[in-house]
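# Commentary on secondary and tertiary structure
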Amino acid sequence: MATTAALFGALFAVLIVLELVDAILTSVLDGAAAEAGTRAPRSPAFMMLILIGWLGSTVGLIFHEVAHAAAQAAFGGRPSIVLLKNGGFARSSPWLPFAPVRVIHVLGQNLGLGVIGLAPALLTAAGIGAIVLWASPLSIETLAAAGRAIAATADRAAALDVVEHVWGLVADGSWWMWPLIGVVLLLVAPCMTPSSVDYAAASPALLGYGLAAVAVSGGGAIGALAAAGAALALALALQRLGALPTAIGTALGGIVLSAPVLWLATWLISRRIGYSPPLLIQSGLAVTAMALAFAAAAQALYVAIALVLALFGRPRILWRALRALPGHLLDLVRPFSTCADCGVHYRGHCDGCGRTPAGPPPPKPTAPPPKPRGLVGLLEKTRGERAG
């Protein structure tokens, strides 16, 4: 249980680093966009930085929403994507208007919220990992063995040695592997991390995954199922009484759904490949953490290149980025609102209709219609005098 909890902690630590790096990149791109509105001379480095921002706001945004939509489809939903001025969102609906299909949709989407929310980062890490496996001596078998070795050892130094060995195989890859990874990051890096809205929606399921994994890896699968049943009964009773806050109900729902499904999935897979359920869970966590860590390292290098371009393009971009960084860091934990009319999330005011958390915006004063001129105006004036 302690090993599983530590691996989950390492996974979330990597996600935090990824978010911090992304906040720095977003601040630099915001500074470049602000500088683009001035009349200062545009150097090649500055134009390259503008190109990075444009690709991130177009190709990267589409990739981000497609990743969410693909994960929604994998969990039984019919996805659709909406693109807006301030971003976009992916939503899902049942494939058919029949009760069994609707039940599958509700259960699948709630169960998969954790994967759906992290889908952009997971898909980017998978894409970079596929390039590395293709162009380097690292193989799937070696990676799985490394995951098993990290999961089986309680020695931190031994785990670091395994990671160092994997990194050595990656470093021995062909020279053209790095330009390919650079192209992937150029297209999707500004939008590869989940937003705070994604994390807010995915957190109950992620909590359920973690508690279920710790219970299963500790041999307490039956206890986890019993606890899930008790939590479900408690949630239903409190909901009947109207005494259950929405956040607690959502968290209990994530735990109730995740614990039995994760136990059943690991039990079936372990019977097929010969791993024990705890080793299977821990190996998967170790491999996922290593893949996301490599993606975070690649994005950190990408951010470093963006900072160099900003320095040689227009040094004022760095000052603008430094001023914007606290706001982007605050966005990682700052709450957001949902527009009742547009159905999108916003902070401050909705870009679609101007709504604020206090309510809809006041109606704009309408200007009086222009008075007709010429012959039409003369006829209107004559008609008014006759009516009087």
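Notes on the structure follow. A quick note: this is a predicted structure, and the numbers were derived from the prediction, not measured.

### Things to note about the overall build of the chain
- Along the backbone of the chain there are 13 helices and 4 strands.
- Within the span of the chain, comprising 388 residues, buried residues form 36% of the whole.
- Partitioning the contacts of the chain with sequence separation of at least 6, the portion at a separation of at least 24 is 70%.
- With the model as given, the accessible surface of the chain reaches about 21,500 Å², and the carbon-plus-sulfur share is 70%.

### With respect to the environment of isoleucine 131
- Inspection of the secondary structure puts isoleucine 131 in helix 4 (residues 113–135).
- With a relative accessible area of 12%, isoleucine 131 lands in the buried category.
- Between the C-alpha atom of isoleucine 131 and that of valine 184, which follows or precedes it by 53 residues, the distance is 9.9 Å.
- For isoleucine 131, the residues in contact, after removing those within four places along its chain, are Met177, Leu180, Ile181 and Val184.

### Digging into the packing of aromatic side chains
- Per the counting criterion, the structure on display carries 3 aromatic pairs.
- An aromatic cluster is built from Trp167, Trp178 and Phe294, whose rings are joined through pairwise contacts.
- Above the face of the phenylalanine 46 ring, arginine 314 is positioned so that its terminal group lies 4.0 Å from the ring centre.

### Quick notes on the pattern of salt bridges
- Tallied over the full model, the rule gives 3 salt bridges.
- In this structure, glutamate 35 and arginine 314 form a salt bridge, with 3.3 Å as the shortest nitrogen-oxygen distance. Taken as a pair, glutamate 35 in helix 1 (residues 2–36) and arginine 314 in the loop between helix 11 (277–313) and helix 12 (316–331) lie far apart in primary sequence, 279 residues in all. For the pair glutamate 35 and arginine 314, a shared accessibility class is recorded, and that class is buried.
- Its salt-bridge partner being arginine 320, residue glutamate 35 comes within 2.7 Å of it at the nearest N-O pair.

### A closer look at the nonpolar core
- Grouped together as the largest cluster of nonpolar side chains are 58 residues, with contacts concentrated most on Leu49, Val132, Ile181 and Leu185.
- Broken down by element, this core gets its largest block of residues, 15 residues, from helix 11.
- Those residues in contact with leucine 49 that sit more than four places away from it in its chain are Val28, Leu29, Ala32, Ala306, Leu309, Ala310 and Ile317.

### Overview of a nonpolar patch on the surface
- Taken together, the side chains of Ile16, Leu20, Leu329, Leu330, Leu332 and Val333 present a nonpolar region at the surface, about 520 Å² in accessible area.
- Mapped by element, the contributors of at least two residues to the nonpolar patch are helix 1 and helix 12.
- Residue placement: leucine 329 occurs in helix 12.

### Digging into helix 5 (residues 140–152)
- Here helix 5 contains 13 residues, and its C-alpha end-to-end distance of 18 Å stays within 8% of the 18 Å for a straight helix at 1.5 Å per residue.
- Burial in helix 5 covers these residues: Ala146, Gly147, Ile150 and Ala151. Looking straight down helix 5, one finds that the buried residues subtend no more than 130 degrees of arc, so they occupy a single side. Projecting away from the buried face of helix 5 at angles above 90 degrees are the exposed residues Glu141 and Ala152.
- Next to the buried residues of helix 5 lie helix 1, helix 6 (156–171) and helix 11.

### Re helix 3 (residues 99–111)
- Taking 1.5 Å of rise per residue, the 13 residues of helix 3 would be expected to cover 18 Å, and the 18 Å separating its terminal C-alpha atoms lies within 8% of that figure.
- Within helix 3 the residues assigned to the buried category are His105, Gly108, Gln109 and Leu111. Relative to the axis of helix 3, the buried residues are bounded by an arc of 160 degrees and lie together on one face.

### A closer look at the side chain of histidine 105
- Positionally, histidine 105 belongs in helix 3.
- For histidine 105, the side chain forms a polar contact with the side chain of serine 92, separated by 3.0 Å.
- In this view, histidine 105 contacts Gly76, Gly77, Ser92, Ser93 and Pro94; residues no more than four positions away in its chain are not counted.

### Some remarks on the side chain of glutamate 19
- Position of glutamate 19 among the secondary structure elements: in helix 1.
- Classification of glutamate 19 as buried rests on a relative accessible area of 8%.
- The residues touching glutamate 19, leaving out its near neighbours within four places in the chain, are Thr193, Pro194, Tyr199 and Leu332.

Parameters and conventions
- Residues numbered from 1 in each chain as written.
- Predicted model: local features only at pLDDT ≥ 70, side-chain atom pairs only at ≥ 80, totals over all residues.
- Heavy atoms only, no water.
- Helix = DSSP H or I, 4+ residues; strand = E, 2+ residues; numbered from the N terminus.
- Buried < 20%, exposed > 50% of the residue type's maximum accessible area, 1.4 Å probe, protein only.
- Contact = heavy atoms within 4.5 Å.
- Areas by Shrake-Rupley, 256 points an atom, 1.4 Å probe, with all protein chains shown as cover.
- Phe/Tyr/Trp six-rings, centres within 6.5 Å; stacked < 30°, edge-to-face > 60°.
- Lys NZ or Arg CZ within 6 Å of the ring centre and 35° of its normal.
- Salt bridge = Lys/Arg side-chain N within 4 Å of Asp/Glu carboxyl O.
- Core = buried A, V, L, I, M, F, W, Y, C linked by side-chain atoms within 4.5 Å.
- Patch = residues over 30% accessible without salt bridge, like charges linked within 9 Å, V, L, I, M, F, W, Y side chains within 5 Å.
- Expected span 1.5 Å × (residues − 1).
- Arc of directions from axis to C-beta.
- Polar contact = N/O pair within 3.5 Å; in protein donor to acceptor, adjacent residues only side chain to side chain.

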